[in-house]
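Letter by letter, the chains look like this.
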Amino acid sequence: MLIQNDAKRWQRLLVSTVLFIVIAAMVYKSTMLIGTLDSVLQTLFTNNHPNATGGMKVVMTLISFIGSPKMDLVWAFIIAFLLWGFKYKIPALWTLGVIFGGDVLGAIVKHVIKRARPAQHMAADNGFSFPSGHVLGGFLIAGILMLVVVPIIQSESMRVICQILLVFYVALLAISRVYLYAHFPTDTIGAMLLAYAWLQIAEYLYVIFAPILSRWKFVSNSYV
């Protein structure tokens, strides 16, 4: 199978979940530690003039658009379509389940925490701030590619290049959301932790249900 059983998966799930809960609790309580951490990181990654224009803002806006929740759904459907076409039907269904499940999970957390966005945010960035939907979805798309697409690539060097590019993309996406004042830095950190925890659960579900689904007629000829 593309995704194998891993005894350490529950350890990774536990660590990422605990870290996410700790950060989410501090954000909910608006602790001084979270405020200080956000302030320090914002000075590193934000423009001093949020309404300024320039090449960097154009690049960050483009990256933010590519990683928007709506585009993440588009990427997920494209990945699923291509996987299905190459007879990776079960991984295709798993891909859609991961992105939709992650979106629902993120929306629930947003409405529980109810964190307001930075004061300088653009009008287009509405809704609650924690966790970042862009980073959550972008992390999941990168994770899906890492788990069920990159392993299919025959060239080892190409697999490594793809993995590096995916990590770089997620990092840039997180920076872009802070740079554009759409999110606090801890919104992006929380999003990555939540996405990572959800991926651990999704991988576990794949290991359990992929062999069962392979017996279903409409996916019986699927690679697993």
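Anyway, here's the lowdown on the structure attached to this text. Source: prediction; values computed, not measured.

Reading guide: rules and limits
Numbers given to residues run from 1 along each chain, matching the order in which its sequence is written. pLDDT decides what is reported in this predicted model: residues at 70 or higher carry local features, side-chain atom pairs at 80 or more are listed and counted, and totals for whole chains, interfaces and linings draw on all residues regardless. Side-chain calculation: all heavy atoms of the structure are included, whereas hydrogens and water are not. Patches in this entry comprise residues that are over 30% relatively accessible and not in a salt bridge; like charges within 9 Å are linked, as are nonpolar side chains (Val, Leu, Ile, Met, Phe, Trp, Tyr) within 5 Å. In this description, accessible areas are obtained by the Shrake-Rupley approach with a 1.4 Å probe, and a residue is regarded as covered only by the protein chains that are shown. Take a side-chain nitrogen of Lys or Arg and a carboxyl oxygen of Asp or Glu: if they are within 4 Å of each other, that pair is a salt bridge. By the criteria applied, helices consist of DSSP H or I runs no shorter than four residues and strands consist of E runs no shorter than two, each listed in order from the N terminus. Exposure classes here rest on a 1.4 Å probe applied to the protein chains alone. A residue is buried below 20% of its type maximum, exposed above 50%, and partly exposed in between. Residues belong to one nonpolar core when they are buried, are Ala, Val, Leu, Ile, Met, Phe, Trp, Tyr or Cys, and are joined through side-chain atoms within 4.5 Å. Contacts were defined at the residue level, with two residues in contact if any of their heavy atoms lie within 4.5 Å. Polar contact is defined as a pair of N or O atoms within 3.5 Å, subject to the rule that within protein one atom must be able to donate a hydrogen and the other to accept it, and that residues adjacent in sequence are counted only when both atoms are side-chain atoms. Aromatic rings from Phe, Tyr and Trp, with only the six-membered ring used for Trp, were paired whenever their centres fell within 6.5 Å, and each pair was classed as stacked if the ring planes differed by under 30 degrees, edge-to-face if by over 60, and tilted otherwise.

**Description of a nonpolar patch on the surface**
1) Next: Residues W10, W84, L93, I201, Y204, L205, I208, F209, I212, W216 and F218 make up a contiguous nonpolar surface patch of roughly 980 Å² in combined accessible area.
2) Next: At 6 residues, helix 8 (residues 185-213) tops the list of elements feeding residues into the nonpolar patch.
3) Next: Following the sequence through the fold, I208 ends up in helix 8.
4) Next: Residue classification places I208 among the partly exposed positions, given a relative accessible area of 35%.

**What about the nonpolar core?**
1) Next: Ranked by internal contacts, the top residues of the largest apolar core, which has 46 residues, are F20, W94, V98, F130 and L140.
2) Next: Those elements that provide at least two residues to this core are helix 1 (9-29), helix 4 (69-85), helix 5 (89-113), helix 6 (133-149), helix 7 (156-179) and helix 8.
3) Next: Every residue in contact with L140, bar those within four places of it in the chain, is listed here: V98, I99, G102, A195, W198 and L199.

**Things to note about the side chain of R177**
1) Next: Along the chain, R177 turns up in helix 7.
2) Next: Reaching out from R177, the side chain makes a polar contact with the side chain of H134 at a distance of 3.5 Å.

**Topic: unusual backbone geometry**
1) Next: Look at the link from F130 to P131: it is a cis peptide, with omega at -5 degrees.
2) Next: Tracing the sequence through the fold places P131 in the loop between helix 5 and helix 6.
3) Next: The phi angle at S30 is positive, at roughly 50 degrees, despite the residue not being glycine.
4) Next: In this structure, Y181 is a non-glycine residue whose phi angle is positive, near 60 degrees.
5) Next: Locating Y181 in the fold gives a position in the loop between helix 7 and helix 8.

**Focus: the pattern of salt bridges**
1) Next: Per the counting criterion, the structure on display carries 4 salt bridges.
2) Next: Measuring nitrogen to oxygen at the nearest pair gives 3.0 Å for the salt bridge that ties R12 to D6.
3) Next: D38 serves as the salt-bridge partner of R115, at 2.7 Å between the closest nitrogen and oxygen. Remark: D38 occurs in helix 2 (residues 32-45) and R115 occurs in the loop between helix 5 and helix 6; sequence separation between them is 77 residues.
4) Next: Salt bridges sharing common partners tie together D38, R115 and D187.

**Brief notes about the packing of aromatic side chains**
1) Next: All chains considered together, the criterion is met by 5 aromatic pairs.
2) Next: Note on F77 and F100: the rings are 6.0 Å apart at their centroids and 75 degrees apart in plane angle, and the pair reads as edge-to-face. Of this pair, F77 sits in helix 4 while F100 is found in helix 5, placing the two residues 23 residues apart along the sequence.
3) Next: Taking the relative accessible area as the measure of exposure, F100 reaches 39% and is therefore partly exposed.
4) Next: Between W94 and Y206, the aromatic rings sit 5.8 Å apart at their centres with planes inclined by 80 degrees, giving edge-to-face as the arrangement. Placement of W94 in helix 5 and of Y206 in helix 8 is noted, with a sequence separation of 112 residues between them.
5) Next: Owing to a relative accessible area of 10%, W94 belongs among the buried residues under this scheme.
6) Next: According to the relative accessible area criterion, Y206 is buried, its value standing at 3%.

**Points about the side chain of S132**
1) Next: Note that S132 resides in the loop between helix 5 and helix 6.
2) Next: Classification of S132 as buried rests on a relative accessible area of 0%.
3) Next: At 3.5 Å, the side chain of S132 and the side chain of H183 are in polar contact.
4) Next: Every residue in contact with S132, bar those within four places of it in the chain, is listed here: R177, H183, D187, T188 and A191.

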